Amino acid sequence: MKNRIVIDKDFKIGKVDKRIFGSFVEHMGRVVYTGIYEENHPTADEDGFRKDVAELAKKMGVGLVRYPGGNFVSNYNWMDGIGPKENRPRKRDLAWKSIETNEVGIDEFMKWAKRYDMEPIMAVNMGTKGIDEAVALLEYCNSEEGTYYSNLRVKYGSKEPYKVKTWCLGNEMDGEWQIGHKTAHEYGRLAHEIGKAMKVLDPTIELVVCGSSMSRNTTFGDWEREVLSNTYDEADYISLHQYYDGQDKGTKSFLARSLDMERYIDLVCGIADLEKKKRNSKKTMNICFDEWGVWSTPDYEVQKWVDEHPWQIAPPLGEQIYTMEDSLLFASMMMVLLKKCDRVKIGCQSLLTNISACIMTKKGGEAWVQPIYFPFELIANNAVGTVLQSKYIGETYSTDDMEEVPLIDNLVVANERDNELVLFFVNRSEKKEEISIDIRAFKVNGIRESKVLFHDDIKTNNVENHDAVRPQEIVNYELNNDDIKLLLKPFSFQMLKVGLE
């Protein structure tokens, strides 16, 4: 057979950190208002959050959420969002030229995260604010009552500290678009001082410093070197952000973009390891990939819309509609995070609702899911345990900027808890493709589950028919003593669960 993968139980990459299965909520467009929160919605809970959305997020497998931004955080005063709602100020958000009502703030978000069992990651403003602001927010969230900011939290309804573990020091500070944009040296020095102060107040926290906001930035590489040279002692993670488009270049070229993501991670790990060596440090700097996704609408179109519709409350900006085609790259990108799980410990799909989102909502009405929802759901709920290093032997193809793109992308996870192998595949071919899976290193006792995400028309979306693209059970396998033969659908994503003795 021309395509095959070989799996050995001793070739282990690392354990899957469940924090990889995170998402991202920003005060942008309809992500918060009429997204996760809508006070008068028929499904609203006692705090105004939409239970239909929360239930879809839990079913999806989201266990961690980054908040409150994003570009929004760089001009945000967190104290605008605490206290009685009737006393909270309306503000002009410079990031998205919107009116922020501050109806939802830190306390509301923390209630939502706790109620629906999602670990929060907080971001601090490093655009227009500094050390005092960050330390005050940390005290408000994490300190026992008895001092000014912790007493404020108690006054506003939460006696127990929130104990937020992970804190992002700013957002995309390398970008000229960021309010308060800084050079790498300016950011690195400030992040060093803020991180140092925050860890004096709470030594148990973990800190994420800003890496590059995309792999094609002209400052990429130089930015990481300078930032880490200033923050290596305080930081626990360096962040990466990446969105991909390129559907117009053809499906196979578009689906190859995940290889750039792999290369991006490897390069940043190399830079971090060089800094580790220079310092003779025992600490390994890991990756927080806290914004990732498919971005099918050009940035200039989003900005044009914002400029033409300024100063609205929760405007419907950037509400991208995803197709079966998009879900395939999305699946491969998520698989990359797991293939690199020895270094990638946190991931945040961007965004949870309405903008580049898995979950879409109608004001006062239904919530439904896009095709990209399903790769996340299948991987997050089934990729438990240890990622194994599989060897692909088979057909490849080339694009304008990628050579030897595997025709079939794959990921293998050994689930020791349930005594099974869980395999994921993306067929990048427009044809059915056979693949042989060499399982001679294991004692197999059957196929437990086989699901495929596929549609005859890869441009199909779920707007009109919300069930148009969704996983289906499929029997397209043949189990032998030493291998499994699989016939993959054209342009498809598949999960196969193999029981072990």
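Residues numbered from 1 in each chain as written. Predicted model: local features only at pLDDT ≥ 70, side-chain atom pairs only at ≥ 80, totals over all residues. Heavy atoms only, no water.

Quick notes on the pairing of strand β9 (residues 206-209)
Residues Glu206 and Val208 line one face of β9 and the alternating positions Leu207 and Val209 line the opposite face, and both faces are buried. The sheet contact formed by strand β8 (residues 166-169) and β9 spans 4 bridges and is parallel. By the bridge assignment, Trp167 is partnered in β9 with Leu207. (Buried < 20%, exposed > 50% of the residue type's maximum accessible area, 1.4 Å probe, protein only. Helix = DSSP H or I, 4+ residues; strand = E, 2+ residues; numbered from the N terminus. Pairing = 2+ DSSP bridges.)

Thoughts on the side chain of Lys497
Following the sequence through the fold, Lys497 ends up in strand β26 (residues 492-500). Given a relative accessible area of 12%, Lys497 falls into the buried group. Apart from the residues lying within four places of it in its own chain, the contact partners of Lys497 are Asn382, Glu420, Leu421, Val422, Gly446, Ile447, Arg448 and Glu449. (Contact = heavy atoms within 4.5 Å.)

Focus on helix α3 (residues 131-142)
With 12 residues, α3 extends 16 Å from end C-alpha to end C-alpha; this agrees with the ideal 16 Å at 1.5 Å per step. Listed as buried for α3 are Glu133, Ala134, Ala136, Leu137, Leu138, Glu139, Tyr140, Cys141 and Asn142. (Expected span 1.5 Å × (residues − 1).)

Examining the environment of Cys348
With respect to the element layout, Cys348 can be found in strand β12 (residues 344-349). In this structure, the C-alpha to C-alpha distance between Cys348 and Tyr243, residues 105 residues apart in sequence, is 12 Å. Apart from the residues within four sequence positions on either side, Cys348 is in contact with Gly22, Ser23, Phe24, Leu64, Arg66, Phe289, Asp290, Glu291 and Trp292.

Describing the packing of aromatic side chains
In this structure the tally under the stated criterion is 16 aromatic pairs. Residues Tyr148 and Tyr149 carry aromatic rings whose centres are separated by 4.8 Å and whose planes lie at 85° to one another, so their mutual orientation is edge-to-face. Relative accessible area serves as the criterion here: at 24%, Tyr149 is assigned to the partly exposed category. Through pairs of rings, three or more aromatic residues link up here, namely Tyr33, Tyr37, Phe49, Tyr67, Phe109 and Trp112. The side chain of Arg66 reaches across the aromatic face of Phe24, ending 4.5 Å from its centre. Positioned above the aromatic ring of Tyr397, the side-chain terminus of Lys252 is 4.8 Å from the ring centre. (Phe/Tyr/Trp six-rings, centres within 6.5 Å; stacked < 30°, edge-to-face > 60°. Lys NZ or Arg CZ within 6 Å of the ring centre and 35° of its normal.)

Overview of the environment of Lys129
Assignment of secondary structure puts Lys129 in the loop between β7 (119-124) and α3. Judged by its relative accessible area of 32%, Lys129 falls in the partly exposed class. Placed 16 residues apart in sequence, Lys129 and Ala113 show a C-alpha to C-alpha distance of 25 Å. In contact with Lys129, not counting residues within four places along its chain, are Tyr76, Asn77 and Leu190.

Focus: the nonpolar core
In a soluble, globular protein the nonpolar side chains are often hidden away together inside. With 164 residues, the main nonpolar core has Trp112, Trp167 and Leu338 as its most contacted residues. The biggest single contributor to this core is helix α10 (residues 324-339), with 11 residues. When residues no more than four places from it in sequence are discounted, the contact partners of Leu338 are Val16, Ile20, Phe21, Ile379, Ala383, Val387, Leu411 and Val413. (Core = buried A, V, L, I, M, F, W, Y, C linked by side-chain atoms within 4.5 Å.)

A short note on the pattern of salt bridges
Counting across every chain of the model gives 41 salt bridges. Of the charged contacts in the structure, one is a salt bridge between Glu145 and Lys159, with a shortest N-O distance of 2.1 Å. Of the two residues, Glu145 sits in the loop between α3 and α4 (148-155) while Lys159 sits in the loop between α4 and β8, which places them 14 residues apart along the sequence. The network of salt bridges with common partners includes Asp45, Glu46, Asp47, Lys111 and Arg115. (Salt bridge = Lys/Arg side-chain N within 4 Å of Asp/Glu carboxyl O.)

Thoughts on the packing of α3 against helix α5 (residues 184-201)
Two quantities define a packed helix pair, namely the angle between the helix axes and the distance between the axes. Two elements in contact, α3 and α5, have axes separated by 9 Å at closest approach and are oriented at 30°. Regarding the angle of α3 to α5, the classification is roughly parallel. Note that α3 runs across α5; the crossing there is right-handed. Facing α3, whose interface residues are Ile131, Ala134, Val135, Leu138 and Glu139, α5 presents Glu193, Ile194, Ala197, Met198 and Leu201. (Axes fitted to C-alpha atoms, helices over the stretch in contact; angles between N-to-C directions. Parallel < 35°, antiparallel > 145°, perpendicular 65-115°, else oblique. Left-handed = near helix turned anticlockwise from the far one by under 90°.)

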